[in-house]
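Take a look at the letters that make up each chain.
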Amino acid sequence: MMAKTLKVELGTRDYPIHIGPGIFTDAELYRPHIAGAQVMIVTNETIAPLYLKRLRQTLSTFDVREVVLPDGERYKTLEVWNRIFDALLNARFARDCTLVALGGGVVGDMAGFAAACYQRGVAFIQVPTTLLAQVDSSVGGKTGLNHPAGKNMIGAFHQPRAVIADTDTLETLPQRELSAGLAEVLKYGFIRDSAFLDWLESHMAELLARDPDALAHAIERSCEIKAHIVAEDEFESGHRALLNLGHTFGHAIEAGAGYGTWLHGEAVAVGTCMAADLSRRIGWLSEADVRRIHHLMVCAGLPTQPPSQLSPERLLELMAVDKKVIGGQMRLVLLKMLGEAAINSDVQRDDLLATLSTHAS
Ligand code: NAD
Ligand code: GLY
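Here's a quick rundown of the structure. (Residues numbered from 1 in each chain as written. Chains lettered and ligands numbered in written order. Predicted model: local features only at pLDDT ≥ 70, side-chain atom pairs only at ≥ 80, totals over all residues. Heavy atoms only, no water.)

## Looking at the side chain of Thr167
And then number 1: Along the chain, Thr167 turns up in the loop between strand S9 (162-166) and helix H6 (175-192).
And then number 2: A relative accessible area of 10% means that Thr167 is categorised as buried.
And then number 3: Non-local contacts of Thr167, meaning those with residues more than four positions away in its chain, are made with Met1, Ile19, Gly20, Pro21, Gln134 and Ile219. (Helix = DSSP H or I, 4+ residues; strand = E, 2+ residues; numbered from the N terminus. Buried < 20%, exposed > 50% of the residue type's maximum accessible area, 1.4 Å probe, protein only. Contact = heavy atoms within 4.5 Å.)

Right, dumping it as structure tokens:
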């Protein structure tokens, strides 16, 4: 299998997404994007024993330091994030330093946000090691942290200089995390590409069995769609918001269940089922479409119902803390049909509560 390179087209800030097996140890992929001598690898305690030594060797011509964070969504906090600045300042890193995020979306979001803020902005490279990070979080420059009151509520847009997605790293990923990544892969089919959705449906068994060709195709197509949307609407003034299908519901589930209890992809899967149900209530999707979405989630090993302790009223309260809320008006990403999403700012509270009640057990 050959490596492939896509591009996120952002004028002078264009950057490559390299996808392929064995590529995270290719020094030539990093070199053009590292201006100074100082490199800080940001990773976590699960990924470090698996991949840190090899990455350090790959970058051995630079002055490489590392910061190893605790593992988990519950550590995506201001307090833990500050450790990256401690490491940078203790090592006297200058403005021409480069951060390298080695890990999943949590590490990528935290390292990216540190790069956005350190000395008012330094370079960073994403080396995503989860399926979710390879298809979504490493691309597009959204970085940030959670607040107890709301998910990803503190952050910045800061694009990486390059994304190096080594598909071999997925071999060590737990199966539950693989399924969580598939929720974001399915999202691209739901919002933009019904042919891709058909392909995913017929190749789900191969994807779950980690067939390298099937995974490579799913990652490439997902990144193509994301790169295209980001190039058109980098700062989410318009249709980039469609990438948040299921996320307003999902973020409420993650915050309500306690960060880390539910995986982000799992919460997005349930959120997508809720968005589908609501889309049917307003006459956009058919019953059959909704059943197909549920079936796809189940086939991907994903949940379709939220945790039982979350009442519809509590979910509604949590959903009001969402970055898409403007002037107190909730804006939800819904599906007009399979392969086409749209923002709806006019959802009636009764419909929303009916959807939440249907899904509450
Ligand atoms: P994660 O970063 O928590 O990684 C999942 C788990 O897998 C962790 O325990 C991690 O240590 C482990 N892991 C990572 N790579 C591994 C590997 N190769 N082998 C074995 N274990 C490995 O979770 P995630 O699903 O990658 O990311 C979720 C986060 O991404 C959420 O915080 C979410 O908000 C964020 N996100 C951001 C964006 C964005 O655009 N910035 C988009 C989607 C999601
Ligand atoms: N994950 C949504 C976005 O990047 O816009």
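There is more to say after this.
## What to know about the site of ligand 1
And then number 1: Close contacts around ligand 1 come from 28 residues, with Asp71, Glu73, Thr130, Lys151 and Thr172 the closest.
And then number 2: Contact between ligand 1 and Asp71: an oxygen atom at 2.7 Å from a side-chain N or O atom of the residue.
And then number 3: Between ligand 1 and Val106 there is a distance of 3.0 Å, counted from an oxygen atom to a backbone nitrogen or oxygen.
And then number 4: For the shell around ligand 1, the secondary structure elements donating two or more residues are helix H2 (48-58), helix H4 (105-117), helix H5 (131-137), strand S8 (150-157) and H6.
And then number 5: For the shell around ligand 1, the residue count by class is 7 nonpolar, 11 polar and 10 charged. (Near = heavy atom within 4 Å. Polar contact = N/O pair within 3.5 Å; in protein donor to acceptor, adjacent residues only side chain to side chain. Nonpolar A, V, L, I, M, F, W, Y, C, P; charged D, E, K, R; others polar.)

## Points about the nonpolar core
And then number 1: Grouped together as the largest cluster of nonpolar side chains are 74 residues, with contacts concentrated most on Leu131, Phe190 and Leu352.
And then number 2: Take this core: its biggest share by element is 9 residues, from helix H9 (residues 212-232).
And then number 3: Setting aside anything within four residues of it in sequence, one finds Leu131 in contact with Leu170, Leu173, Leu178, Gly181, Leu182, Val185, Leu215 and Ile219.
And then number 4: Core analysis: the second largest hydrophobic core is formed by 26 residues, Phe85, Cys97, Ala114 and Ala115 among them. (Core = buried A, V, L, I, M, F, W, Y, C linked by side-chain atoms within 4.5 Å.)

## Quick look at unusual backbone geometry
And then number 1: If you check the backbone angles, Arg120 has positive phi at about 65° while not being a glycine.
And then number 2: Looking at Arg120, the relative accessible area reads 76%, which means it is exposed.
And then number 3: Here Glu236, not a glycine, exhibits a phi torsion of approximately 55°, which is positive.
And then number 4: Along the polypeptide, Glu236 turns up in the loop between H9 and helix H10 (247-257).

## A few points about the site of ligand 2
And then number 1: Lining the immediate surroundings of ligand 2 are Asp136, Lys142, Lys226, Glu236, Arg240, Leu243 and Asn244.
And then number 2: A distance of 3.2 Å is found between a nitrogen atom of ligand 2 and a side-chain nitrogen or oxygen belonging to Asp136.
And then number 3: Between ligand 2 and Arg240, the relevant distance is 2.8 Å, taken from an oxygen atom to a side-chain nitrogen or oxygen of the residue.
And then number 4: Burial of ligand 2 by the protein chains amounts to 89% of its free accessible area of 200 Å².
And then number 5: Split by residue class, the shell around ligand 2 holds 1 nonpolar, 1 polar and 5 charged. (Areas by Shrake-Rupley, 256 points an atom, 1.4 Å probe, with all protein chains shown as cover.)

## Some remarks on the packing of H6 against helix H11 (residues 264-281)
And then number 1: Direction vectors running N to C along H6 and H11 enclose 40°, while the axes themselves pass 7 Å from each other. It follows from the interaxial angle that H6 and H11 lie oblique. Pair H6 / H11 crosses with left-handed handedness. Residue-level inspection shows Arg176, Ala180, Ala183, Glu184 and Phe190 of H6 in contact with H11, the latter providing His264, Gly265, Glu266, Val268, Ala269 and Thr272. (Axes fitted to C-alpha atoms, helices over the stretch in contact; angles between N-to-C directions. Parallel < 35°, antiparallel > 145°, perpendicular 65-115°, else oblique. Left-handed = near helix turned anticlockwise from the far one by under 90°.)

## As for the sheet that holds strand S4 (residues 63-69)
And then number 1: The strand order S1-S2-S9-S6-S5-S3-S4 describes an open sheet built from 7 strands, whose pairing is mixed. Taken across any chain shown, the strands that pair with only one partner, and hence form the sheet edges, are strand S1 (4-8) and S4. Averaged over all pairs of adjacent strands, the angle between their axes in this sheet comes to 20°, without regard to strand direction.
And then number 2: Of the strand pairs in this sheet, strand S2 (residues 15-20) and S9 are connected by 4 bridges, and their pairing is parallel. Residue pairing across strands places Ile17 opposite Val163, the latter belonging to S9. (Pairing = 2+ DSSP bridges.)

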